[in-house]
Amino acid sequence: MTEKLGKKMDDMKQGDDPKQAIVDFDLLEMGVDGHMEVVPSQGKNRQWLMSTLPVGLPPVMPNDRKKLEEFLTKPESLPIHDLNRAQRFWPREAVPSRLYHIEETAPQTNISVDRHPTSGKLIGYKEEAVLNMSDTAKNSLSLKRAPGPPDQGVKGSSTNFPFWPGGLTEPDIEQLTTVQDDELLDFKDLLSTPPGFASGVEFARTPKPVEIPSAPVEVPTELNIADILALDDLEFSGESDEEDEINDEEDDKKMSGDNVADAEIDELVKGDTPTTVERKKQEPKEEWVIPVDISTPVDDFHKRIPDMAYKWPFELDVFQKQAILCLENHDSVFVAAHTSAGKTVVAEYAIALSMKHMTRTIYTSPIKALSNQKFRDFKVTFGDVGLITGDVQIHPEAACLIMTTEILRSMLYNGSDVIRDLEWVIFDEVHYINDSERGVVWEEVLIMLPQHVNIIMLSATVPNTMEFADWVGRIKKKRMYVISTTKRPVPLEHYLYTGNSTKTSNELFLILDSTRQFKQTGYYKALDAKKERASKSSQSYGAKGTRGGNPMQDKNIWLSVIDMLKKKDKMPTVAFTFSKKRIEENANHLRSVDLTTASEKSEVHIFFHRCVSKLKPEDRDLPQVTRMCDLLKRGLGIHHSGILPILKEVVEMLFQRGLVKILFATETFAMGVNMPARTVVFDSIRKHDGTNFRDLLPGEYIQMAGRAGRRGLDTTGTVILLCKGDVPEMADLHNMMLGKPTKLESQFRLTYSMILNLLRVEQLRVEDMMKRSFSEFHAQKDITKNQELLEETRQKLYKKEDVQCFICDEDLKQYFTACRDYKQLRQHIQKIVLNHPNAIKALAPGRVVILSLPIHDRILGLVLQTHSGKKERTFSILILCNKSDSDVKLSDKEIDLDSETVRPILDNKLFMPEGATGHKMVEVKSGNISVITTKTLKINAERIINDFKKREQPRFKSDPPGQAVTIATQELLRLTEGNPDGLPGLDPVNDLKLRDMDLVEKFLALKQMEGTFGGYSCTNCSLFNQHFAQVCENMILEEKMREIKFLLSDESLSLLPEYEQRVQVLRSLKYIDENNTVQLKGRVACEISNHELLITELVFENVLTSLHPGDIAALLSCVVFEQKNCSAANMSASIEEGVEKIKKIAENNGIIQKQCGLTEPVEDYVKRLNFELTEVVFEWSRGMKFSDITDLTDVQEGIIVRSIQRLDEVLRDVRNAARIIGDPVSYQKMEEASRLIKRDIVFAASLYTQ
């Protein structure tokens, strides 16, 4: 600007026209205010602008054009060879004072306020010591540790320690310093004098001399009752000792005149009552679950809670009041109520209560869609509500946070500071714990929650609520109050519909009324209606549940159903259909159906277009969007996973408004969504569960049927089952409608992420997590009883004495072990052989057998009859006995062989009665038959049995035995006398025709063991039987003690072998070292939430670093896309190369898992990766329109959107992994890949959050 001004002035001074010439002048700046004065010109040497002060306007910048011209014309003047200017060194000045500076330490004390406990009035201040000042989130599990950085306050960090799980005993100093018995060292006979020394060190502790004071001073170590009572009479006044003596004399006079009351008190305290106050620790009771009675009304509810945290405009049910009373008492509750009973009231009150207490509440749901809905509902009710999902955080500092259970698990493992302020965690839809894939998440969260957090569990009715609540209470050391409803607030009526046209639309038959009574008459009427229309070729009376009808007739059936629903005013209706394809077909068949009025069409049109107005114009014209708009205007709706998320939300909102009259939906619609209808229709009662087709389970049917019946609007809800084909079997219907719901069962399994998250914290053990799982509940429930039993067994064993015999000391214990092994092997063989058809056939009446009974080991018997019991087979056998024992009936104890009792294997003879021979009939089990002999006798078994039954009657008791009994007894006696060593038995291979090689080998091993018993010297002892019995008792106690120790140890855990195998996998892949310390790869894997091993290997192998961000997104889609049986993707060369690398790494991981003992085949591990969506993701990252994307694959739009949303979470995990290992290139590429896919309709904001 200065140059232009100067040039203009020069032009003015040197004009062409002399007349226009101007006097030569200059401008001078006066002072710092910028005032200009005109002065005579200084000629060509002037400077623009001149100033009267040294600090004026900045000098004119040099002319760059002239410098450039100089450099171009004189290149030798460039300072390219000037080393002095290119390399410069600034010497560092030494400042020793910097070494003296240290960081300020945290204050060791804190000033706290002391208030009156009743009035709260300020009394004063007191100084308290601050403990654990150095505790941080990186080294401590304590809630008193310092908070982490603000940016990690919500989700935490994978390097943080979790907070200490509630219910898990924290190790104290005593436990850490306690030395186990096996760790004790024997310090006896240690040398104290070194070689060559005259004396050594005396290690014995000598007591220090105690100086006896002149006046004995009593230092009470225990507080006496008298001292406590005397404290009330102490007066700290300045009175003299004389006054004290006078007072003592007066007290003595008063004491001499004790009244009757004092005498009575003396009588009460007379005896050996201790005078010391000893505070006894009360052991906590093992009752962790308490059922709450809801049969009686709570009349004093408002008196007990005069100031409720939240009030509703309606009267609460009894179960809701009882739950609120528990919440007011800060107790944890488990509410198992019928669908639409009002479980949300309990959650709402907990949120209001936490706001009143200025604490926080977390509400967890099983699915993201339900989280969004609850966010909208609670936002309207409470306002201060936040939402946390994988990609969205709305108001994370709110008092109530809505999230999925997976998010809460991540927060617990990562030590989020939100957990500090938690008062309640609400688990909605707890019965989702039965899900095989995600059920483990609920168990992990329940185990990891800190002690100060109270638990609220909401669930549909399940049969084992007490068992589940007992488990939660036991692991958290909290009392769980169980509240269950007995009936639905709106009863249901269940019908069979057999119509298929408008003429037969009245064929609706009641089979289960509102009192849950099954109506067989309605069922048979439905059969008759079906039979009348059946064709002649298929006419047969009865149910055939395998025939599902003709799909071509579905249109007529649904038209007749809709006609019937309109006539009976049963709309709105939810039609559950277990196939997305069939839902689409049903909607297409009903193009002629219009169920809305003109005003309703206008309302639907306005609402729909307002919802999709935020989408791009090309997205608003998607075929699914336009088709959905047409359906909704006619009062129809469809809802399944293939629908775009924003369209599903539109359908849900319109259904809540009553503008959708019939909604075709899958069973996910019934998952916790508060959208009741008047009627529920089942398109079929069979579904595919991922493996095969099956009937609906009672729990599934109840969950979906429970959507019928709107509280306050309908007196009863209507459930209709369409009989498109044949009428289902009555037994199947009865079981489905009246059967017990599915029990809550543990789906706990070990994952690499869980193992690594626990191994990185030294104080937490994976074994403790397994012990506290629901699957180990019953085994760990008796841990206290087992500990007591262990101590009792140890005391018994301590009192026992070893056998003092030089003969038996040599091999008696080995002999006992051999006898025990022989007995176990023989029982195992007998159990298999005697259940074989040939053996059962051989044990026909008349077969001679050798029995092993407690009264004698070898008794000859005669089979009379075989009984096929429910549990095991029994036999009626005639045996010999002493004459005096003939009338004595053997008890079960005298017949059953004790599994613990071991008898010596000696060359015993067959039992021979002493004196006169008697007989008796006994009922024995297969375990009592030791040998099936080759001998059979021809007898009349029926006559023998009848004779015994006759003589059991009192009037025939003295009658002599019949001829058949006498002959059989004489034959048994003859065989016994003639074969005192026993009879040969049937050979399992030759006689019984057994072909199992393992069984034959065991039989040969048994024979070999029988030949070794003669080589033991202990059998020569004169007191052998006595010594053997003594050793048997001692060995059984030792075995029992080992068994109890095993139950109390980690080795009893069912998942321990798998845990060791997975640890070996992690060690092989260098995720942990030999000491199970988590390495860098393990830290990276903790950041990954899906396929952690595979993605970590991809990061460390640099498979993704050299690829384009679009290729990276396409390849990583294989870990989030789960649909099978879809069209193959067209891949570029770079993507195909990446696919091969990923498959190779997955195969290598699978091989290592197989080598470490895991059972999953390598092929199945690799097949879990689906690459069919790579082309879609690649083109989407390149900017292709969504309408064009759908033409590349047959995958439905909703699944594409959900997969790309999950892919964004994976990309962010890999980005964090790159940050940990210090790879900026990968970090930037993951950021770019996430940016490329995060656009348009795929990441459209939820309508519930707007």
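What you see is a predicted model; the values in this text were computed from it and never measured.

### A few points about the packing of aromatic side chains
Here the structure, examined in full by the defined rule, presents 22 aromatic pairs. Seen from their ring centres, phenylalanine 468 and tryptophan 471 are 5.3 Å apart, and the 50° between their planes marks the pair as tilted. Of this pair, phenylalanine 468 and tryptophan 471 both sit in helix α14 (residues 465–476), three residues apart, roughly one helical turn. Overall, phenylalanine 468 belongs to the buried group, its relative accessible area being 0%. Where phenylalanine 682 meets tyrosine 701, the ring centres are 5.0 Å apart and the plane angle is 25°; that geometry is what we call stacked. Placement of the pair is phenylalanine 682 in strand β20 (residues 679–682) and tyrosine 701 in helix α22 (residues 698–705), with a sequence separation of 19 residues. Each of the two residues, phenylalanine 682 as well as tyrosine 701, counts as buried. An aromatic cluster is defined as three or more aromatic residues linked by ring pairs; in this entry it consists of Tyr310, Trp312, Tyr349, Tyr363, Phe378 and Phe382. We note arginine 145 situated over the ring of phenylalanine 163; from NZ or CZ to the ring centre the distance is 4.1 Å. Over the face of the ring belonging to tyrosine 752 we find arginine 1062, whose NZ or CZ atom lies 4.8 Å from the ring centre.

### Some words on the side chain of asparagine 414
Mapping asparagine 414 onto the fold places it in the loop between α12 (405–413) and β12 (422–427). With near-sequence residues (within four places) excluded, asparagine 414 lies in contact with Lys155, Gly156, Ser157, Ser158, Asn160 and Arg760.

### Observations concerning a nonpolar patch on the surface
Together, Ile111, Val113, Leu122 and Tyr125 make up an exposed nonpolar region whose accessible area comes to about 420 Å². Taken together, the elements giving at least two residues each to the nonpolar patch come down to β4 (109–115) and β5 (122–129). Residue placement: isoleucine 111 occurs in strand β4. Given a relative accessible area of 55%, isoleucine 111 falls into the exposed group.

### Thoughts on the sheet that holds strand β13 (residues 454–459)
In sheet architecture, strand pairing relies on hydrogen bonds along the backbone and comes in two forms, parallel and antiparallel. Taken in spatial order, the nine strands of this open sheet run β6-β14-β7-β13-β12-β8-β11-β9-β10, and their pairing is mixed. The open sheet is flanked by β6 (289–291) and β10 (393–394), the only strands paired with a single partner. Across five bridges, strand β7 (residues 332–336) lies against strand β14 (residues 480–484) in parallel orientation. What sits directly across from valine 333, in β14, is tyrosine 481. Packed onto the sheet, helix α11 (residues 368–382) meets β8 (360–365), β9 (385–388), β10 and β11 (400–404) and runs at close to 165° relative to β9.

### Thoughts on the confidence of the model for the protein chain
Low pLDDT marks regions whose predicted coordinates should not be analysed in detail. When pLDDT is averaged along the protein chain, the result is 81; 83% of the residues meet or exceed 70. β12 holds the highest mean pLDDT among the elements of the protein chain, 95, whereas helix α5 (residues 225–231) holds the lowest, 42. Every residue in residues 206–284 is under pLDDT 50, and counting partners more than four places away or in other chains gives 14 contacts. Within the model, pLDDT remains below 50 along residues 539–546, and this stretch shows 15 contacts once partners closer than five positions in the same chain are excluded.

### Section: the pairing of strand β23 (residues 717–722)
Within β23, six of the six residues are buried, which leaves it mostly tucked inside the rest of the structure. The alternating pattern of β23 places Gly717, Val719 and Leu721 on one face and Thr718, Ile720 and Leu722 on the opposite face, and all of these are buried. Where strand β15 (residues 492–497) lies against β23, six bridges are found, and the strand directions are parallel. Note that in β23 the partner of histidine 494 across the bridge is valine 719. With four bridges joining them, β20 and β23 adopt parallel strand pairing. Looking at the pairing, valine 681 lines up with isoleucine 720 of β23.

### So, the sheet that holds strand β18 (residues 636–639)
With mixed pairing, seven strands are arranged side by side in an open sheet as β16-β15-β23-β20-β17-β19-β18. What marks the edges here is a single partner per strand, and that holds for β16 (508–512) and β18. For this sheet, the mean inter-axis angle between neighbouring strands, taken without regard to orientation, is 25°. Sheet topology places strand β17 (residues 573–576) next to β20; four bridges connect them, and they run parallel. Across the sheet, residue alanine 575 finds its bridge partner in β20, namely valine 681. Running at roughly 170° to β18, helix α17 (residues 580–589) makes contact with β18 and β19 (662–665) of the sheet. Together, β15, β16 and β23 form the strand contacts of helix α23 (residues 730–738), whose direction differs from that of β16 by roughly 60°.

Conventions and cut-offs
- Residues numbered from 1 in each chain as written.
- Predicted model: local features only at pLDDT ≥ 70, side-chain atom pairs only at ≥ 80, totals over all residues.
- Heavy atoms only, no water.
- Phe/Tyr/Trp six-rings, centres within 6.5 Å; stacked < 30°, edge-to-face > 60°.
- Helix = DSSP H or I, 4+ residues; strand = E, 2+ residues; numbered from the N terminus.
- Buried < 20%, exposed > 50% of the residue type's maximum accessible area, 1.4 Å probe, protein only.
- Lys NZ or Arg CZ within 6 Å of the ring centre and 35° of its normal.
- Contact = heavy atoms within 4.5 Å.
- Patch = residues over 30% accessible without salt bridge, like charges linked within 9 Å, V, L, I, M, F, W, Y side chains within 5 Å.
- Areas by Shrake-Rupley, 256 points an atom, 1.4 Å probe, with all protein chains shown as cover.
- Salt bridge = Lys/Arg side-chain N within 4 Å of Asp/Glu carboxyl O.
- Pairing = 2+ DSSP bridges.
- Axes fitted to C-alpha atoms, helices over the stretch in contact; angles between N-to-C directions.
- pLDDT = per-residue confidence, 0-100.

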